[in-house]
Amino acid sequence: MDHLAKIGLFIPCYVNAVFPEVGIATYKLLKQLGIDVDYPVDQTCCGQPMANAGFEGKSLPLIHKFNDLFDTYDYVVGPSASCVAFVKENHPHILAAHGQHQCQMSGKIYEVCEFLHDIVKVEKFPGAFPHKVSVHNSCHGVRELHLSSPSELHTPRYSKIKDLLSLKEGVEVFEPQRVDECCGFGGMFAIEEDAVSVQMGKDKLRNHIATGAEYVTGADSSCLMHMQGIARREKLPIQFIHVVEILAAGL
Amino acid sequence: MKKETHIHAAERFLNNKKNAVWHDETLWQTRAKRDRQAALIPEWEQLRELASKIKMHTITHLDHYLEQFAAAAEKNGATVHWAKDAAEHNAIVLQILQQHQATQLVKSKSMLTEECHLNPFLIEKGVDVVESDLGERILQLMDIPPSHIVMPAIHIQREAVGKLFEEKLNTEKGNADPTYLTRAMRKSLRQKFLASTVAMTGANFGIAETGDVVVCTNEGNADMGTSIAKVHIVSMGIEKVIPSHDALSVFVRLLARSATGQPSTSYTSHYQKPQKEGELHIILVDNGRSSILADKDHIQTLKCIRCGACMNTCPVYRRSGGYSYSYFIPGPIGINLGMLKAPKNYYTNLSACTLCFSCNSVCPVQVDLGNQIYKWRQGLDSIGKANRTKKVMSDGMRMMFKQSGIYHAALKAAPLINLMPRALIYCKADKWGIGRELPQFAKQSFNSWWKKEVLKK
Ligand code: SF4
């Protein structure tokens, strides 16, 4: 990566409010790697919640705002696969559908794991995280951002998340049965179809817990938030942590 | 009649916990079998790609291939009928039956006849309609519709079948042994087969270059029916036509592997000519298909070969069952086909999707099922069927997020009910909290941290 590159940090709305530690870990880690990171403070939301619910048009002003705020950066990096995937995959066609200019973001936005793996090409993370973790392969991370090979496809197996975790001292990595089945979050789905959503979450947690892991880790805090809500209600013995927090542990 | 929404039907389905777990696991096993079979074919992904291209090519040249198919079939001695809708289709079937003074029709599995409501139509006219696929026959005796397009009675456990057969076929009390029950059904069906003069099948493929109809089954019931009866009626959707046997070789490698995880179906039967002194009737049915051709957002649904793989992989279908959808075809493909049929009747199925996109990746012909569901959701507002709560929530979110001032004030002050999960909390039913704890808001948002720790320094 060009060391003069300027990175704009994209902290999705719910990460900002519920999981600020994930944003902080992202910032510290990038900083530690000697990267020029900035955070445009006026940012809000990428527009995914309303678009997935069927109101793409309502996300249009947010898309414009997003473009304006991040226009001057070489890369945009955020710790949430689903939000990044939305910007990458959906911003361009929403803009096009409304007869508007080409989307600049699509080619330069990265989920932080993807960025560390593909662009920065980190070789070792400092410190250690001596724990057992079960990797949550979230749908949009896997099937839109290609963080790992989807289990449905018969293509060579890989996992960028597992690659990254292997560069941190002490981490023992597991994966659940049904390795990338959806956890049932799905944004508005979680509320609308709450019965199915919660059932999916419980099933997913059972598979994560069966690995013997202490933590579920993934690149999508939204999935973690949903599973955490169920785990706390059901008093299940498992904790949740974003991949970037593990990588930044000890900083 | 107002149909139950998917949301409520799914809730009811999940209330029967044991059954729900069993259903999910059974269908997941089918998906796992499919994975294992597909993994044995190194060129699997290329096959899917090729199959998709062949289908796309065929449906965008449908007039040409249909004419070629019909001409070849007639040259072989078949009679080709064209039905623009379900009513025409059913009338043609009835007419053929009447011409032969047939009072019984033995059928093998066909989702198209289900789509056309053929059975109730014929029964009302006094015809004894006999489904001969084991699963379909069980359902017919129970008087309920299929819950899956390939494994129609997958939701019924063998104990229930045992009970049914005790009553209908006089089997031993309490005997639910699958082999025993299957034999009992075979004996009973054999009488029907022997007495039939007209048999009906669906069609998996119609080959344009040769005019033959290809039917893939596991039980041999289609062949039994069509071998005994002199008259064979094929009910075939116009999108089932493919160019050639070469093309067929691509699809037969994909179909059974995707559907049930078998390398191939037990029988792949080619019907080309009528029997000696018999008749072969092929009814080509449109019933809305040609109008999908003009719909660029949804044309890909016409590639579907009805393998059911998208249902088996769908995490929502597995946990809500086929009957939770109001359209007769459930799962991802059913959500889309229902919307194409009558959006105002079937829009409530659209909630049954997390947009996980697993269906896109299993589909042997690469139908973009999840993307289409996303697109349908965008169109709901314009047909006046948008969910009010969601709309209000989306409006609220837009207002808040568009103006950074409000958002940042929200982030700063009492974050708990001020941010995105505000939508969750204000949602009428507060459904987040039924099975989950609310997210705990941080004492200090990232924004505040940034201002304090980075900007100030
Ligand atoms: S959409 Fe694809 S996966 Fe679903 S039934 Fe059709 S062919 Fe099979």
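Residues numbered from 1 in each chain as written. Chains lettered and ligands numbered in written order. Predicted model: local features only at pLDDT ≥ 70, side-chain atom pairs only at ≥ 80, totals over all residues. Heavy atoms only, no water.

Trainee: Talk me through the overall build of chain A; I want residue IDs and the actual numbers.
Mentor: Helix and strand content of chain A: 12 helices and 8 strands. For 251 residues, the compact-globule estimate of 2.2 N^0.38 gives 18 Å, and the C-alpha radius of gyration of chain A, at 18 Å, lies within 12% of that figure. The buried share among the 251 residues of chain A stands at 66%. Sequence separation of 24 or more characterises 78% of the internal contacts of chain A that already satisfy a separation of 6 or more. Surface exposure of chain A reaches about 8200 Å², of which carbon and sulfur atoms provide 50%. If you average the places of the 22 positive and of the 30 negative side-chain charges in chain A, the two averages end up 4 Å apart. (Helix = DSSP H or I, 4+ residues; strand = E, 2+ residues; numbered from the N terminus. Rg over C-alpha atoms; globule rule 2.2 N^0.38 Å. Buried < 20%, exposed > 50% of the residue type's maximum accessible area, 1.4 Å probe, protein only. Contact = heavy atoms within 4.5 Å. Areas by Shrake-Rupley, 256 points an atom, 1.4 Å probe, with all protein chains shown as cover. Lys, Arg positive; Asp, Glu negative; His and termini not counted. Charge placed at Lys NZ, Arg CZ, Asp CG, Glu CD.)

Trainee: Let's hear about the site of the ligand: which residues, and what values?
Mentor: Surveying the vicinity of the ligand reveals the residues B:C304, B:I305, B:R306, B:C307, B:G308, B:C310, B:I333, B:C363, B:P364, B:V365 and B:L369. By residue class, the composition of the shell around the ligand is 9 nonpolar, 1 polar and 1 charged. (Near = heavy atom within 4 Å. Nonpolar A, V, L, I, M, F, W, Y, C, P; charged D, E, K, R; others polar.)

Trainee: How would you explain unusual backbone geometry if you had to name every residue and give the values?
Mentor: Residue and element names in this part refer to chain A. Of note, H146 is a non-glycine position whose phi angle comes to about 60°, a positive value. Here H146 falls in the partly exposed class, since its relative accessible area comes to 42%. The backbone phi angle of K235 is positive, close to 55°, even though this residue is not glycine. One can find K235 in the loop between α11 (221-234) and β8 (239-242). The exposure class of K235 is exposed, given its relative accessible area of 72%.

Trainee: Help me get a handle on the domain arrangement of chain B, residues and values and all.
Mentor: Each assigned domain of chain B is listed with its residue range as follows: domain 1 (73-290) and domain 2 (408-455). On a C-alpha basis, the centroid separation for the pair domain 1 of chain B and domain 2 of chain B is 56 Å. (Domains from an automatic or database assignment.)

Trainee: Give a description of the interface of chain B and chain A that names residues and reports values.
Mentor: Taken together, the contact pairs 75 residues of chain B with 70 residues of chain A. With both sides pooled, the region where chain B packs onto chain A buries about 6500 Å², and carbon together with sulfur makes up 63% of that total. In this structure, B:R31 and A:E152 form a salt bridge, with 3.7 Å as the shortest nitrogen-oxygen distance. Linking chain B with chain A are 28 residue pairs in polar contact (both at pLDDT 80 or more), by the criterion used here. It is helix α20 (residues 388-402) of chain B that contributes the most residues to the side of chain B that touches chain A, 9 residues altogether. (Buried area = accessible area lost by both parts, 1.4 Å probe. Salt bridge = Lys/Arg side-chain N within 4 Å of Asp/Glu carboxyl O. Polar contact = N/O pair within 3.5 Å; in protein donor to acceptor, adjacent residues only side chain to side chain.)

Trainee: Mind laying out the sheet that holds strand β3 (residues 75-78) of chain A, listing which residues take part and the relevant values?
Mentor: Residue and element names in this part refer to chain A. What the 4 strands build is an open sheet, ordered β2-β1-β3-β4; its pairing is parallel. This sheet does not close on itself; its edge strands, each paired only once, are β2 (36-38) and β4 (109-111). Sheet twist, expressed as the average angle between the axes of neighbouring strands with direction ignored, equals 30°. As paired elements, β3 and β4 share 3 bridges and run parallel to each other. Across the sheet, G78 pairs through a bridge with E111, a residue of β4. (Pairing = 2+ DSSP bridges. Axes fitted to C-alpha atoms, helices over the stretch in contact; angles between N-to-C directions.)

Trainee: I'd like a description of the packing of aromatic side chains, backed by residues and values.
Mentor: Tallying each qualifying case throughout the model produces 18 aromatic pairs over all chains. Ring geometry for A:F66 and A:F70: centres 4.7 Å apart, planes at 35°, overall tilted. A residue pair is termed a helical-turn pair when its members lie 3 or 4 positions apart in one helix, as A:F66 and A:F70 do in helix α4 (residues 60-70) at 4 residues. For the pair A:F66 and A:F70, a shared accessibility class is recorded, and that class is buried. Three or more aromatic residues link up through ring pairs in this structure, and these residues are A:Y27, A:Y39, B:F446, B:W449 and B:W450. Above the ring of A:Y110, the side-chain terminus of A:K88 is found at 5.4 Å from the ring centroid. The positively charged end of B:K55 is found above the aromatic ring belonging to B:F251, 5.7 Å away from the centroid. (Phe/Tyr/Trp six-rings, centres within 6.5 Å; stacked < 30°, edge-to-face > 60°. Lys NZ or Arg CZ within 6 Å of the ring centre and 35° of its normal.)

Trainee: Lay out helix α5 (residues 86-99) of chain B with the relevant residues and their values.
Mentor: Residue and element names in this part refer to chain B. If you check α5, its first and last C-alpha atoms are 20 Å apart, about what 14 residues at 1.5 Å a residue would give, namely 20 Å. A86, H89, N90, I92, V93, L94, I96 and L97 are the residues of α5 that are buried. Structurally, the start of α5 carries an N-cap: the backbone nitrogen of A87 is 3.3 Å from a side-chain oxygen of D85. Q101, located one to two residues past α5, shows a positive phi value of around 45°. (Expected span 1.5 Å × (residues − 1).)

Trainee: So what about the domain arrangement of chain A? Which residues, and what values?
Mentor: All names here are of chain A. Per the domain assignment, the segments of chain A are domain 1 (6-120) and domain 2 (132-247). Relative to domain 2, the C-alpha centre of domain 1 lies at a distance of 21 Å. Taken over both partners, the interface formed by domain 1 and domain 2 buries close to 2000 Å², and the fraction arising from carbon and sulfur atoms is 71%. Remark: the boundary between domain 1 and domain 2 carries 1 salt bridge. Salt-bridge contacts for D118 lead to K160; the nearest nitrogen and oxygen are separated by 2.8 Å. At the boundary of domain 1 and domain 2, one finds 9 residue pairs in polar contact (both at pLDDT 80 or more). Broken down by secondary-structure element, the contributors of at least two residues to the side of domain 1 that touches domain 2 are α1 (13-18), α2 (20-32), α3 (48-52), α5 (81-97) and α6 (112-120). Partitioned by chemical class, the residues of the side of domain 1 that touches domain 2 number 15 nonpolar, 6 polar and 6 charged.

Trainee: Tell me about the packing of helix α10 (residues 194-210) of chain A against α11(A), and please be specific about residues and values.
Mentor: Residue and element names in this part refer to chain A. At a closest axis distance of 9 Å, the pairing of α10 and α11 adopts a crossing angle of 80°. Judged by the angle between their axes, α10 and α11 are roughly perpendicular. Facing α10, whose interface residues are S197, V198, G201, K202, K204, L205 and H208, α11 presents H226, M227, I230, A231 and E234. (Parallel < 35°, antiparallel > 145°, perpendicular 65-115°, else oblique.)

Trainee: So what's going on with the pattern of salt bridges? Which residues, and what values?
Mentor: Under the defined criterion, the tally for this structure stands at 34 salt bridges over all chains. Among the ionic pairs, A:E152 bridges to A:R143, the shortest N-O distance being 2.9 Å. A single burial state applies to A:E152 and to A:R143, both of which are buried. With its nearest N and O atoms 3.9 Å apart, the salt bridge here joins B:K375 to B:D297. Within this pair, whereas B:K375 is found in helix α19 (residues 369-379), its partner B:D297 is found in the loop between α13 (289-292) and α14 (309-313), the two being separated by 78 residues in sequence. B:K375 sits in the partly exposed class, given a relative accessible area of 32%. Judged by relative accessible area, B:D297 falls into the partly exposed class, the value being 30%.

Trainee: Quick rundown of the environment of B:C216? Include the residues and the values.
Mentor: Residue and element names in this part refer to chain B. Tracing the chain through its elements places C216 in strand β6 (residues 213-217). Residue classification places C216 among the buried positions, given a relative accessible area of 14%. The spatial distance from the C-alpha of C216 to the C-alpha of F165 is 27 Å, given a sequence separation of 51 residues. If we ignore the near neighbours within four places in the chain, the residues touching C216 are N204, F205, L255, T265, Y267 and T268.

Trainee: Go over the packing of helix α9 (residues 158-169) of chain B against helix α10 (residues 178-195) of chain B with me, naming the residues and quoting the values.
Mentor: Think of two packed helices as two axes; the pair is described by the angle between the axes and how far apart they sit. Residues and elements named next belong to chain B. As a packed pair, α9 and α10 sit with axes 11 Å apart at the nearest point and diverge in direction by 35°. Crossing hand, α9 versus α10: left-handed. Taking contact as the criterion, the partners of R158, V161, G162, F165 and L169 in α9 are, on α10, P178, L181, A184, M185 and S188. A breakdown of the residues in the contact of α9 with α10 according to their chemical character gives 7 nonpolar, 2 polar and 1 charged. (Left-handed = near helix turned anticlockwise from the far one by under 90°.)

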